[in-house]
Amino acid sequence: MADTSSPTPSSATAPAARRSWADTFRVYTEPASLRMLALGFSAGLPLVLVLGTLSFWLRKAGIDRSTIGYLSWVGLVYTGKWIWSPLVDRLPLPGLTRLLGRRRSWLLLAQGLVIAGLLGMAWVDPQQSLNPVIWCALAVAFGSATQDIALDAYRIESADAERQAALVATYQTGYRIAMIWAGAGVLWLVALGLQAGAGDYQREAWSFAYMVMAASMLVGVVTVLLSPEPAAKAITPARNAAEWLQEALVAPFADFIGRYGWNAALILALIGIYRISDVVMGIMANPFYVDMGYTEAEVASVSKIFGVIMTLVGAFIGGVISMRIGVMRVLMLGAVLSAGSNLLFAWLATRGHDLVGLIAVVSADNLAGGIASAAFIAYMSSLTNVNYSATQYALFSSMMMALPKWIAGFSGVYVDHFGYAQFFVSTALLGVPALVLVWLASRITPVPGRS
């Protein structure tokens, strides 16, 4: 018998024909949606600081583009989170789990690791020694990935499948607000901390900014402490280690493959390449701004604030129309817009320092990214069985980043050899296969999760 409480593809990907517009918008004011706003902030902050703002910092510190590209492989930590997701899904933490519950205890532990890693990054200078920065960034990435595992499970278990698109939209809103703070906020703090006549790069200014970012993670900590634990699924204690491994590692993947058969390969292929054009392009975005002569204030205002606001608009639009017309149609729209917007960056690369052009391109790119992200996260959520929510979603989100992050590591080398314009055109072409896979996946009959 199907578990009617689990987020199934049939309910999450189909349009909600009987829902009025008033009911559609009212979902965004429910407590579960508001909690995801704050928790989305906690999720977005560390990701930007190790995979976005860090590249700007390193370029200002004189680190070459090839090295910056290779350092983006820190993001591969996120692609391996399915390996330890069964522990997050099932392993209780001594003391914490009894007080907070399984999901909230893991969230709190992960947030503590992120804070420690950010403080470590604040205390070292990449100009003097790059290795400590890398190790601290890896700690932040590991803590952030673990937080994502617990948070995705918390989100999926906090509301029914019909509300997942709304939870994704509010999560994305909090996430993008964090991107403003971790992007524009850092650059503003650095600009305020720069001392006249002391040069364009000052470690103390960056150190102060990253310490403020570490303190900002308290938003997530407080939210976890004040939030209710979702209703826990009963877990039968394993009689031995082999039985535990079967339930924790094998069963979640067997459930997904059992439901979709050979179609599972098609679904995983779609997940693996859907965001490839965005991710590969994004690694070189900050070095591009620096090399085109845009100042910290210009990047902060246009890319880190105005652009993120456009992403919020896109996420809201994506969440609403997904509930009205279905996720698969919005997935196709998002894939077209995301790949096409990279061509605008290729045009911008021929303009030099063009602030008006930057505003237009960033606006279009972030609007497209917001629409695509809202639909894509809702789609992946719809594929999970609530009995294995953390492990299955971790598998999907890991595959989403694996190939794009690996290819992105060579982005600096590519730009050095062929230039920014050709690089952006190439990233747009990378998105073409996603269009074919979305069309094929839309023909798959949804299979509910088992109870």
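### Regarding the environment of Ile283
Looking at the element boundaries, Ile283 is found in helix 16 (residues 276-283). Its relative accessible area of 4% is what places Ile283 among the buried residues. Linking Ile283 and Ile68, residues 215 residues apart in sequence, is a C-alpha distance of 8.5 Å. If we skip the residues at most four places from it in the chain, Ile283 touches Leu51, Ser55, Gly69, Ser72, Lys405, Ala408 and Ser411.

### A closer look at the packing of aromatic side chains
For any two aromatic rings, the description comes down to two numbers: the centre-to-centre distance and the angle of the planes. If you walk through the whole model with that rule in mind, you get 22 aromatic pairs. Ring geometry for Tyr70 versus Phe410: centroids 6.4 Å apart, planes at 85°, classification edge-to-face. Residue Tyr70 is located in helix 5 (residues 65-71), and its partner Phe410 is located in the loop between helix 21 (389-408) and helix 22 (411-418); the two are separated by 340 residues in the primary sequence. Using a relative accessible area of 37% as the deciding quantity, one classes Tyr70 as partly exposed. Aromatic pair Trp73 and Phe410: ring centres 5.4 Å apart, planes at 80°, arrangement edge-to-face.

### Things to note about helix 9 (residues 102-122)
A rise of 1.5 Å per residue sets the reference length of helix 9, with its 21 residues, at 30 Å; its end C-alpha atoms lie 31 Å apart and thus fit the reference within 8%. Most of helix 9 sits inside the fold, with 15 of its 21 residues counted as buried.

### Details of the packing of helix 7 (residues 81-90) against helix 10 (residues 131-158)
One way to put it is that helix 7 packs onto helix 10 with a least axis distance of 10 Å and a crossing angle of 55°. As far as their axial angle goes, helix 10 and helix 7 are oblique. Judged by the twist between their axes, the crossing of helix 7 over helix 10 is right-handed. Here Lys81, Trp84, Ser85 and Val88 of helix 7 lie close against helix 10, whose contacting residues are Phe142, Ala145, Thr146, Asp148, Ile149, Ala150 and Asp152. Residues that form the contact of helix 7 with helix 10 fall into these classes: six nonpolar, two polar and three charged.

### With respect to the nonpolar core
With 132 residues, the main nonpolar core has Tyr210 and Tyr379 as its most contacted residues. Those residues in contact with Tyr210, other than ones at most four positions away along the chain, are Leu49, Thr53, Leu54, Trp57, Leu118, Met121, Ala122 and Val186.

### Focus on the confidence of the model for the protein chain
Residues at a pLDDT of 70 or more form 85% of the protein chain, whose mean pLDDT is 81. Mean pLDDT per element in the protein chain: helix 1 (residues 9-12) is the minimum at 40, and helix 9 is the maximum at 94. For the stretch residues 1-17, pLDDT sits under 50, and the model shows 52 contacts to residues farther than four places along the chain or on other chains.

### Concerning helix 23 (residues 420-430)
Residues of helix 23 that are buried: Tyr420, Phe423, Phe424, Thr427 and Ala428. Projection of helix 23 onto a plane perpendicular to its axis shows the buried side chains occupying an angular sector of 140°, all on one side. Looking at the buried positions of helix 23, the neighbouring elements they touch are helix 5, helix 16, helix 17 (285-291), helix 19 (327-349), helix 22 and helix 24 (432-441).

Reading the values: the criteria
Residues numbered from 1 in each chain as written. Predicted model: local features only at pLDDT ≥ 70, side-chain atom pairs only at ≥ 80, totals over all residues. Heavy atoms only, no water. Helix = DSSP H or I, 4+ residues; strand = E, 2+ residues; numbered from the N terminus. Buried < 20%, exposed > 50% of the residue type's maximum accessible area, 1.4 Å probe, protein only. Contact = heavy atoms within 4.5 Å. Phe/Tyr/Trp six-rings, centres within 6.5 Å; stacked < 30°, edge-to-face > 60°. Expected span 1.5 Å × (residues − 1). Axes fitted to C-alpha atoms, helices over the stretch in contact; angles between N-to-C directions. Parallel < 35°, antiparallel > 145°, perpendicular 65-115°, else oblique. Left-handed = near helix turned anticlockwise from the far one by under 90°. Nonpolar A, V, L, I, M, F, W, Y, C, P; charged D, E, K, R; others polar. Core = buried A, V, L, I, M, F, W, Y, C linked by side-chain atoms within 4.5 Å. pLDDT = per-residue confidence, 0-100. Arc of directions from axis to C-beta.

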